[in-house]
Amino acid sequence: MRSTTKPTVAIIGAGFAGIGMAIRLKQAGYPVTVFEREADLGGVWRDNTYPGAACDIPSHLYSFSFEPKPDWTRRYATQPEILDYLRHCVHKYGLGAHIRFGTGIATAEFDEQRGHWRLTTEGGETIEIDALVSACGQLRIPALPDLLGRDTFAGPAFHTARWDHRQDLTGKRVGVIGTGATAVQVVPALVDSVHELRLFQRTPPYLVPRPDRAYPAWQRRLFARFPLLQKLGRAKLFAQHEARVLGFGYAPRMLRVSEVLFRRRLRRQVPDPDRRAALTPDYRIGCKRVLVSSDFHPAMNRANLALVTDSVREIVPEGVRTDDGRVHELDVLVYATGFRTQDFLTPMRVLGRGGRDLDEEWRDGARAHLGITVPGFPNFFLLYGPNTNLGHNSIIYMIESQIAYVLDALQRLHTRRLRYLDVRVPALREFDEHVQRRLRNTVFSTGCDSWYIADNGRNANNWPSSVLAYRRLTRSLDPAEYEHAR
Ligand code: NAP
C-alpha cells in the first residue's frame, strides 16, 4: 500500500501541455518535476521560430482558461508572444525550480511491486517517481523527406522547425518544399526579401481567411478591467470553432459550401488561370488541415515566386531536380515538410508491467484509452496523446480536459493509497473501436494523404467529435475501467 504522502509526479516536456499540467499539480500539492530535453521551455513554440510563425487559432482561445491574458496584442498571436505567455505562466506559478532543463528521459520502467516508475535520463541518472505524464506532443520531430541526394546540396538547408537564423536570405534564391500550415506562413514572410522563391508543391492546400488585427490599447484595457468581457469573447470564439465540427466530424458534404467560397476567393486573389488551377485542391476541404492565411494566395502572384508542381526527384548540389529533369538552382533550401506525427514518444523507451515495451504495443499504431492511458502501463498518462488532435478547435481545450482527468486519477491513487491504477483492456478496446468507427464518417477519411493517416491506413492522431463530447468523456475517471492495485 502506498504511503499517505501525495504521489510524486514526473512530466516529460515543458511545452504548453507540460506547463499546464505542472501548474495544476503544484496547485493541488503534488511534488512535481518537469523533465525537458532542451535548454528552454515552450515546446513547438520554442522550436518554430521561422519567419511568420504564428498561431492559426485566435489567442484568446489558444490560452489556458485559468490564465487569461487580457493584453494579447493581436487576434492571432505570433510565436514570440505565445512563448512569452508560457514564460509568464512558469514565472507566475513558480514552476522555475520544478523544471529540469537539458534532461532527456531515455527510459521509463515500471516497477510493479513498488508501484514506481524508474526513469533513466540520457545522462545515465536514475530517478524514481510514482506517476509519469508524457507531454511530448504530436508535432515534435521534424520530418525530412527521404529524397535522393538530400545531403549533397551545396548551400544551407534546414527544416522550418530548426530555422537557421545565421543565414541571411535577403537577395538569395530560396527553395521551400511543402505547402502545409508552416509553408503558408513562411512563404509570404519571405517572398519580399528574397531574390527568388521556388515553392515546391505536391498537393495544394485549402485556405480560409485569417481575420487578423491588432487589439487597440483601449480594448486590452477593457479586457483587463472587465474580465467577464474577455470571457464572453472567448466563449464566442469557442462556439464559432466548435460549430465547425458539424462538417468535419459528422457531415463532410456540408463542407462543399466552404469549397465554393474557397474557389471564389482564389479567383479574386490569383488572376492567372493556370496558376489558379495548380492551386486548386481535388479533395474535400478539411481532409487535410484547413490552413488559415490571407496572404499566401496573394503571394502567388509575385513576379519572383515560382510555383513548381513537378515532383521533387532528387536534391543535387545546385538545388532541386524535379521529375521533368529540370534543375532548379538555389542558394538556400528550406524543408517545410512537417513532422513525424506517429512517433508519440520516440526516442524514449517505455516499459510497463512485465517489461512490456510500449513501442511493441503500438507497432500497429498508437492507441490509448481517451488518448490518455494504456493497459499494462499503470500510473502513466499521455497529454495530447493518440486520437486527440483536432481539425476544428483549440487543442488547449483538449489538453485541459486531459489535465483534469489526470488529476482525478492521481487523487484516487492518493486517497485510496493505491499502488497503481491500470486501465483495463476492454475499456481501451471499446474506446478505440468507437473512435475508429466514428473517424470513418469524418472528413479526415474522405480520401487524401495527410499527416493524420499512417501508412497502414489508421488514423492515430485525430479526435472525431466535438471537444465538448471529449470533455464529457474525460470529466472523471470511471473506476470500473481501471484495475486498482493496493
Ligand atoms: P504538414 O502539414 O505535414 O505539411 C508538410 C508539407 O510538406 C505538405 O505540403 C507535404 O505535401 C509536403 N511534403 C512532404 N514531403 C514532401 C516531398 N517529398 N516532396 C514535396 N512535398 C513534400 O507540416 P506543417 O506545415 O509543418 O504543419 C504540420 C502541423 O503543424 C499543422 O497541420 C498544424 O497542426 C501545425 N501547425 C500549426 C500552426 C499554427 O498556426 N497553429 C502553424 C504551423 C503548423 P503533401 O501535402 O502532398 O503531403
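The chain goes by Cation diffusion facilitator CzcD-associated flavoprotein CzcO in an unreviewed UniProt entry, where it is assigned to Halopolyspora algeriensis. Under Sequence similarities (unreviewed entry), UniProt gives the following word-for-word description of the chain: "Belongs to the FAD-binding monooxygenase family."

A. Structural context of the overall build of the chain. Helix and strand counts for the chain come out as 14 helices and 21 strands. Taken over the C-alpha atoms alone, the chain extends approximately 70 × 55 × 45 Å along its principal axes. Burial analysis of the chain (486 residues in total) assigns 55% to the buried set. Across the chain, every contact between residues at least 6 apart in sequence was considered, and the portion connecting residues at least 24 apart equals 72%. In the structure as shown, the chain presents an accessible area of about 20900 Å², 50% of it carried by carbon and sulfur atoms. Within the chain, one finds 67 positive and 53 negative side-chain charges whose respective centroids are separated by 8 Å.

B. Molecular detail of the pattern of salt bridges. Summed over all chains, the structure comprises 31 salt bridges. With its nearest N and O atoms 2.7 Å apart, the salt bridge here joins E125 to R100. One end of the pair, E125, is in the loop between strand 5 (116–121) and strand 6 (126–129); the other, R100, is in strand 3 (residues 99–100), and 25 residues separate them in sequence. Taking the shortest distance from any N to any O, the salt bridge between D432 and R367 comes out at 3.1 Å. With D432 in helix 13 (residues 425–439) and R367 in the loop between helix 11 (358–361) and strand 19 (380–382), this residue pair connects regions lying 65 residues apart in the sequence.

C. Molecular detail of the pairing of strand 15 (residues 319–322). Alignment of strand 14 (residues 312–316) against strand 15, held across four bridges, turns out to be antiparallel. In the strand pairing of strand 15, E314 is matched with R321. When strand 15 meets strand 16 (residues 327–329), the two strands line up antiparallel, connected through three bridges. Counted as the bridge partner of R321 is V327 from strand 16.

D. Region of interest: unusual backbone geometry. With an omega of 0°, the peptide bond running from T346 to P347 counts as cis. Mapped onto the secondary structure, P347 falls in the loop between strand 17 (332–335) and strand 18 (349–351). Of note in the backbone geometry, N379 takes a positive phi value of approximately 50° without being a glycine. Inspection of the secondary structure assignment puts N379 in the loop between helix 11 and strand 19.

E. A look at the sheet that holds strand 10 (residues 196–200). Overall, parallel pairing links the five strands, which are arranged 8-17-9-10-13 in an open sheet. The outermost strands of the open sheet, each flanked by one partner alone, are strand 8 (157–159) and strand 13 (305–308). Recorded for the sheet is a direction-independent mean angle of 20° between the axes of neighbouring strands. Two strands pair when backbone bridges link them, and strand 10 and strand 13 are joined in this way by four bridges, in the parallel orientation. Note that in strand 13 the partner of L199 across the bridge is L307.

F. Representation of the site of the ligand within the structure. In the vicinity of the ligand there are 22 residues, among which D56, T182, T203, K288 and W451 approach most closely. R202 has a polar side-chain atom sitting 2.9 Å from an oxygen atom of the ligand. Alone, the ligand offers 910 Å² of accessible surface; in the complex the protein occludes 85% of this. When the residues that make up the shell around the ligand are grouped by side-chain class, the tally is ten nonpolar, eight polar and four charged. Counting the residues that make up the shell around the ligand, at least three belong to each of domain 1 (9–141 + 340–485) and domain 2 (150–211 + 238–335).

G. Inspection of the state of the cysteines at higher detail. For the structure shown, the criterion picks out one disulfide. With its sulfur 2.1 Å from that of its partner, C287 forms a disulfide with C448. Across the S-S bond linking C287 and C448, the dihedral sits near -100°, which makes this disulfide left-handed. One end of the pair, C287, is in the loop between helix 9 (273–278) and strand 12 (291–292); the other, C448, is in the loop between helix 13 and helix 14 (467–474), with 161 residues separating them in the sequence. The same class applies to C287 and to C448, which are both buried. In this structure C89 is a free cysteine whose sulfur lies 14 Å from that of C55, the closest cysteine sulfur available. Free of any disulfide, C136 has its nearest neighbouring cysteine sulfur in C89, separated by 19 Å. Accessibility expressed as a relative area gives 14% for C136, which makes it buried.

H. Structural context of the sheet that holds strand 15. If you trace the three strands from one edge of the open sheet to the other, you get 14-15-16, paired in antiparallel fashion. Whereas interior strands pair on both sides, the edge strands pair on one side only; in this sheet they are strand 14 and strand 16. Between one strand and the next, the sheet's axes are offset by a mean angle of 25°, whatever the strand orientation.

I. Representation of the nonpolar core. Among the nonpolar cores identified, the biggest contains 109 residues, and I11, F16, Y62, V176, V187, L197 and L410 are the most heavily contacted of them. Formed jointly, this core draws a minimum of three residues from each of two domains, domain 1 (9–141 + 340–485) and domain 2 (150–211 + 238–335). In contact with I11, other than residues within four places in its own chain, are G18, M21, A22, L25, V32, T33, V34, F35, V133 and A135. Of all hydrophobic cores here, the second largest spans 26 residues; its members include I105, A108, L132 and A366.

J. Structural detail: the packing of aromatic side chains. Going through the model one piece at a time under the given rule, you end up with 22 aromatic pairs. For the ring pair F248 and F444, a centre distance of 6.4 Å and an interplane angle of 55° mean the geometry is tilted. Here F444 lies in the loop between helix 13 and helix 14 and F248 lies in helix 7 (residues 245–250), a separation of 196 residues in the sequence. Comparing F248 with F444 shows no difference in burial state: the two are buried. Connected via pairs of aromatic rings, a cluster forms that spans F16, W45, Y62, F64, F66, W72, Y85 and Y93.

Calculation criteria
- Residues numbered from 1 in each chain as written.
- Predicted model: local features only at pLDDT ≥ 70, side-chain atom pairs only at ≥ 80, totals over all residues.
- Heavy atoms only, no water.
- UniProt positions renumbered as here; feature names shortened; annotations may be inferred.
- Helix = DSSP H or I, 4+ residues; strand = E, 2+ residues; numbered from the N terminus.
- Buried < 20%, exposed > 50% of the residue type's maximum accessible area, 1.4 Å probe, protein only.
- Contact = heavy atoms within 4.5 Å.
- Areas by Shrake-Rupley, 256 points an atom, 1.4 Å probe, with all protein chains shown as cover.
- Lys, Arg positive; Asp, Glu negative; His and termini not counted.
- Charge placed at Lys NZ, Arg CZ, Asp CG, Glu CD.
- Salt bridge = Lys/Arg side-chain N within 4 Å of Asp/Glu carboxyl O.
- Pairing = 2+ DSSP bridges.
- Axes fitted to C-alpha atoms, helices over the stretch in contact; angles between N-to-C directions.
- Near = heavy atom within 4 Å.
- Polar contact = N/O pair within 3.5 Å; in protein donor to acceptor, adjacent residues only side chain to side chain.
- Nonpolar A, V, L, I, M, F, W, Y, C, P; charged D, E, K, R; others polar.
- Domains from an automatic or database assignment.
- Disulfide = S-S within 2.5 Å.
- Core = buried A, V, L, I, M, F, W, Y, C linked by side-chain atoms within 4.5 Å.
- Phe/Tyr/Trp six-rings, centres within 6.5 Å; stacked < 30°, edge-to-face > 60°.

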